[in-house]
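Understanding the architecture of this molecule
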Amino acid sequence: MLTIAGQGGPSPAPFLLIWGVVALVGGGALVTRRVSERFCAMVVKGLAGKPTQQARAKALPLGFARFIGGVFMVCGMVALPVSIGMMVKG
């Protein structure tokens, strides 16, 4: 990665761009009912050794996983224009 004269190090803009795209796509998938149900089932299955926490995870509403997906989508939508603006500025 090339650096511009006077710049202290490589720009974080490409990382932010990739992170923004991944957050947008991943959050968009998690917002759907099918993926959020699979995600919750995976979490519950992963807690098989801890019955108390597994019961709490089963009781958690499906809307919670969808809310987390929405938050990731918003973060991705914010990160994309910021990273593009950082790359344009140089």
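This structure is a prediction, so every number in the text was calculated from the model and none was measured.

Definitions and limits used
Residues numbered from 1 in each chain as written. Predicted model: local features only at pLDDT ≥ 70, side-chain atom pairs only at ≥ 80, totals over all residues. Heavy atoms only, no water. Helix = DSSP H or I, 4+ residues; strand = E, 2+ residues; numbered from the N terminus. Expected span 1.5 Å × (residues − 1). Buried < 20%, exposed > 50% of the residue type's maximum accessible area, 1.4 Å probe, protein only. Arc of directions from axis to C-beta. Contact = heavy atoms within 4.5 Å. 1 Å grid on protein atoms, 1.4 Å probe; cavity = no way out; pocket = protein on both sides within 12 Å on 5 of 7 lines; lining within 4 Å. Points joined across faces, edges and corners; volume = space filled by probe spheres on them. Nonpolar A, V, L, I, M, F, W, Y, C, P; charged D, E, K, R; others polar. Salt bridge = Lys/Arg side-chain N within 4 Å of Asp/Glu carboxyl O. Axes fitted to C-alpha atoms, helices over the stretch in contact; angles between N-to-C directions. Parallel < 35°, antiparallel > 145°, perpendicular 65-115°, else oblique. Left-handed = near helix turned anticlockwise from the far one by under 90°.

Some remarks on helix α1 (residues 13-31)
Taking 1.5 Å per residue, 19 residues should reach 27 Å; α1 reaches 26 Å between its end C-alpha atoms and fits that length. For α1, the full list of buried residues reads Ala13, Gly20, Ala23, Gly27 and Leu30. Within α1, the buried residues cover an arc of 120° as seen down the axis, which keeps them to one side. Projecting away from the buried face of α1 at angles above 90 degrees are the exposed residues Ile18, Val22 and Val25. Considering only its buried residues, α1 is in contact with α2 (33-46) and α4 (62-89).

Thoughts on the layout of surface pockets
Reported here for the largest pocket is a volume of approximately 160 Å³. Taken together, Phe39, Cys40, Val43, Val44, Ala57, Leu60, Pro61, Phe64, Ala65 and Ile68 make up the lining of the largest pocket. Residue assignment for the lining of the largest pocket shows that the elements contributing at least two residues are α2 and α4. The element contributing the most residues to the lining of the largest pocket is α2, with four residues. When grouped by side-chain class, the residues that make up the lining of the largest pocket number ten nonpolar, no polar and no charged.

Quick word on the pattern of salt bridges
For the coordinates displayed, the defined rule picks out one salt bridge. Between Arg33 and Glu37 there is a salt bridge, with the nearest N and O atoms lying 3.9 Å from each other. Here Arg33 pairs with Glu37, and both are found in helix α2, just four residues apart, close to one helical turn. We classify Arg33 as partly exposed; its relative accessible area is 47%.

Digging into the packing of α2 against α4
The relative placement of two packed helices is expressed as an angle between their axes plus a distance between the axes. Interhelical geometry of α2 versus α4 gives an angle of 110° and a closest axis separation of 9 Å. Accordingly, the angle class assigned to the pair α2 and α4 is roughly perpendicular. The two elements α2 and α4 meet at a crossing, and its hand is right-handed. Facing α2, whose interface residues are Arg33, Ser36, Glu37, Phe39 and Cys40, α4 presents Leu62, Ala65 and Arg66.

Any functional reading would require information that these geometric values do not contain.
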